[in-house]
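Observations on the three-dimensional arrangement
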Amino acid sequence: DAGVIQSPRHEVTEMGQEVTLRCKPISGHDYLFWYRQTMMRGLELLIYFNNNVPIDDSGMPEDRFSAKMPNASFSTLKIQPSEPRDSAVYFCASSLGGVGYTFGSGTRLTVV
Amino acid sequence: GEDVEQSLFLSVREGDSSVINCTYTDSSSTYLYWYKQEPGAGLQLLTYIFSNMDMKQDQRLTVLLNKKDKHLSLRIADTQTGDSAIYFCAESMGKGSYIPTFGRGTSLIVHP
């Protein structure tokens, strides 16, 4: 398996633009997680899905953030409109049964 | 305070042993994990231990768990420059949730 695949690896966008981050989990995994990592706040769980259903989105910072998982092999995290404070590395991770995650390589987002 | 605490930095000389420490607060934690994050990459699961174990060894890695003190440590024998990374401690099943709670990470710097 190729592991958890995220795209793009790097994204630079202007404030106010829409940003879409993509994730392909490991085939057969039933949990998918979106994390954000910054120096100031460390690793923050934004949202997670179980069998494509959002279970807990309490970590999503505000309404500008949304996430979808239309099928078992694809998820998106969207920020609209983006702001400079959204600059961070966004990780997707998947697991089977919720134990022991596999992380993607992350998307480094810079909002200028 | 934080649910999972780690010191932020550790510096060791190549060939020495490294010991990275972690404390957690929830006595119902069942799984305790160590993840490694290399620059520009996602977190990689190194090892994990069940709360009914005291020790787990895997090649150069030794995990020690003191459940009474809620203290977890990761010992890396014969530390190499390639071990330089951020090491995250995490626990799950505290509060009955499979979702891991991560520490802030310890940056291990290995110098010649």
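Please refer to the structure placed before this passage.
Below is a summary of the structure that appears in this document. (Residues numbered from 1 in each chain as written. Chains lettered and ligands numbered in written order. Predicted model: local features only at pLDDT ≥ 70, side-chain atom pairs only at ≥ 80, totals over all residues. Heavy atoms only, no water.)

**Concerning the overall build of chain B**
Within chain B, the regular secondary structure consists of zero helices and eleven strands. Traced from its N-terminal end to its C-terminal end, chain B shows the element sequence β-β-β-β-β-β-β-β-β-β-β. In terms of overall size, chain B behaves like a compact globule, its C-alpha atoms giving a radius of gyration of 13 Å where 112 residues would be expected to give roughly 13 Å. Dimensions of chain B along its principal axes, counting C-alpha atoms only, are 45 × 25 × 20 Å. Counting only residues that meet the buried cut, chain B has 43% of its 112 residues in that class. Sequence-distant contacts, at least 24 apart, represent 55% of the contacts inside chain B between residues at least 6 apart. When the accessible surface of chain B is split by element, carbon and sulfur atoms take 49% of a total near 5,600 Å². (Helix = DSSP H or I, 4+ residues; strand = E, 2+ residues; numbered from the N terminus. Rg over C-alpha atoms; globule rule 2.2 N^0.38 Å. Buried < 20%, exposed > 50% of the residue type's maximum accessible area, 1.4 Å probe, protein only. Contact = heavy atoms within 4.5 Å. Areas by Shrake-Rupley, 256 points an atom, 1.4 Å probe, with all protein chains shown as cover.)

**Structural notes on the interface of chain A and chain B**
On the side of chain B, 15 residues touch chain A, which itself brings 20 residues to the contact. Here chain A packs against chain B, burying approximately 1,300 Å² in sum over the two surfaces, 60% of which is carbon and sulfur. Linking chain A to chain B there are zero salt bridges. Inspection of the chain A/chain B interface yields five residue pairs in polar contact (both at pLDDT 80 or more). Counting only elements with at least two residues in the side of chain A that touches chain B, the list comes to strand 4 (31-38) and strand 5 (42-50) of chain A. Across the side of chain A that touches chain B, the residue classes break down as eleven nonpolar, seven polar and two charged. (Buried area = accessible area lost by both parts, 1.4 Å probe. Salt bridge = Lys/Arg side-chain N within 4 Å of Asp/Glu carboxyl O. Polar contact = N/O pair within 3.5 Å; in protein donor to acceptor, adjacent residues only side chain to side chain. Nonpolar A, V, L, I, M, F, W, Y, C, P; charged D, E, K, R; others polar.)

**As for the state of the cysteines**
Per the counting criterion, the structure on display carries two disulfides over all chains. Here Cys23 of chain A pairs with Cys92 of chain A through a disulfide, and the sulfurs are 1.9 Å apart. Taking the sign of the torsion about the S-S bond as the criterion, the disulfide between Cys23 of chain A and Cys92 of chain A, at about -65°, is left-handed. Of the two residues, Cys23 of chain A is situated in strand 3 (residues 19-24) and Cys92 of chain A in strand 9 (residues 88-95); the sequence distance between them amounts to 69 residues. When its relative accessible area of 1% is taken as the criterion, Cys23 of chain A is described as buried. Overall, the relative accessible area of 0% leaves Cys92 of chain A in the buried class. Two residues, Cys22 of chain B and Cys89 of chain B, share a disulfide whose sulfurs are 2.0 Å apart. On the sign convention where negative is left-handed, the bridge of Cys22 of chain B and Cys89 of chain B, at about -65° about the S-S bond, is left-handed. Separated by 67 residues along the polypeptide, Cys22 of chain B in strand 3 (residues 18-24) and Cys89 of chain B in strand 9 (residues 85-92) bring together distant segments of the chain. An identical accessibility class is assigned to Cys22 of chain B and Cys89 of chain B; each is buried. (Disulfide = S-S within 2.5 Å.)

Purely geometric numbers; function is a separate question.
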